[in-house]
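What follows is the residue order along each chain.
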Amino acid sequence: MRPKVLLGVAVLGAIAVTATLAVVARTPSVLDRLRAVPADFTAAYRRREAELRTALLPDDDAVAAARADVARRRADGRRFADGRRFAGVDGATGADATDPDETDDLPYSFY
């Protein structure tokens, strides 16, 4: 081969090796990434749990308002939307307190 071609290939090779080493030195190693996996997983898990808790569980004011509404309805003797009465504090309000889902009278049979 010609000496100029060999010299050009050597210079380009050296530049490529230097650039590759510079890029590799800036990226974290695979072992560092593997070591960080448990901590990353735990952090992501806790973040998601906090998101779900705020989305699914009502705040204290909403719970207090709902309890006050139920107590007011019980005191007034109001009924549920489906006609059942609110159960008293001791749960005894007579026949109206029977849950229709708990009876054995089904409109159809499985046999």
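### Section: the overall build of the chain
Helix and strand counts for the chain come out as three helices and zero strands. Beginning at the N terminus, the succession of helices and strands in the chain can be written as α-α-α.

### Details of a nonpolar patch on the surface
On the surface, a cluster of nonpolar side chains totalling about 410 Å² of accessible area is made up of Leu7, Val11, Leu12 and Ile15. Relative to the helices and strands, Ile15 resides in helix α1 (residues 3-26). Taking the relative accessible area as the measure of exposure, Ile15 reaches 52% and is therefore exposed.

### Regarding the pattern of salt bridges
Following the criterion strictly, the structure yields five salt bridges and no others. Between Glu51 and Arg48 there is a salt bridge, and its shortest N-O distance comes to 3.1 Å. Highlighted residues: Glu51 and Arg48, both in helix α2 (residues 30-56), separated by three residues, approximately one helical turn. Residue classification places Arg48 among the partly exposed positions, given a relative accessible area of 46%. A cluster of three or more residues bridged by salt bridges with shared partners is formed by Asp69, Arg72 and Arg73.

### Structural notes on α2
For α2, built from 27 residues, the straight-helix expectation of 39 Å at 1.5 Å per residue is met to within 8% by its first-to-last C-alpha distance of 38 Å. At Val37, α2 shows its maximal kink, close to 40°; a proline, Pro38, follows between one and four residues later. With respect to burial, α2 is a largely exposed element, only zero of its 27 residues being buried.

### Side note on the packing of aromatic side chains
Taken as a whole, this structure holds one aromatic pair when the rule is applied. Between Phe41 and Tyr45 the ring centres are 6.3 Å apart and the planes differ by 25°, which places this aromatic pair in the stacked class. One end of the pair is Phe41 and the other is Tyr45, both in helix α2 and four residues apart, which spans about a single turn.

### Comments concerning the confidence of the model for the chain
The predicted model of the chain has a mean per-residue pLDDT of 76, with 68% of residues at 70 or higher. No element of the chain has a lower mean pLDDT than α1, at 83, and none a higher one than α2, at 90.

### Quick notes on helix α3 (residues 60-76)
The end-to-end C-alpha distance of α3, which contains 17 residues, comes to 24 Å, matching closely the 24 Å that a straight helix rising 1.5 Å per residue would cover. Positive backbone phi, at 75°, marks Gly77, one or two positions downstream of α3.

Rules and cut-offs
- Residues numbered from 1 in each chain as written.
- Predicted model: local features only at pLDDT ≥ 70, side-chain atom pairs only at ≥ 80, totals over all residues.
- Heavy atoms only, no water.
- Helix = DSSP H or I, 4+ residues; strand = E, 2+ residues; numbered from the N terminus.
- Patch = residues over 30% accessible without salt bridge, like charges linked within 9 Å, V, L, I, M, F, W, Y side chains within 5 Å.
- Areas by Shrake-Rupley, 256 points an atom, 1.4 Å probe, with all protein chains shown as cover.
- Salt bridge = Lys/Arg side-chain N within 4 Å of Asp/Glu carboxyl O.
- Buried < 20%, exposed > 50% of the residue type's maximum accessible area, 1.4 Å probe, protein only.
- Expected span 1.5 Å × (residues − 1).
- Bend = angle between axes of the 7 residues up to and from the residue.
- Phe/Tyr/Trp six-rings, centres within 6.5 Å; stacked < 30°, edge-to-face > 60°.
- pLDDT = per-residue confidence, 0-100.

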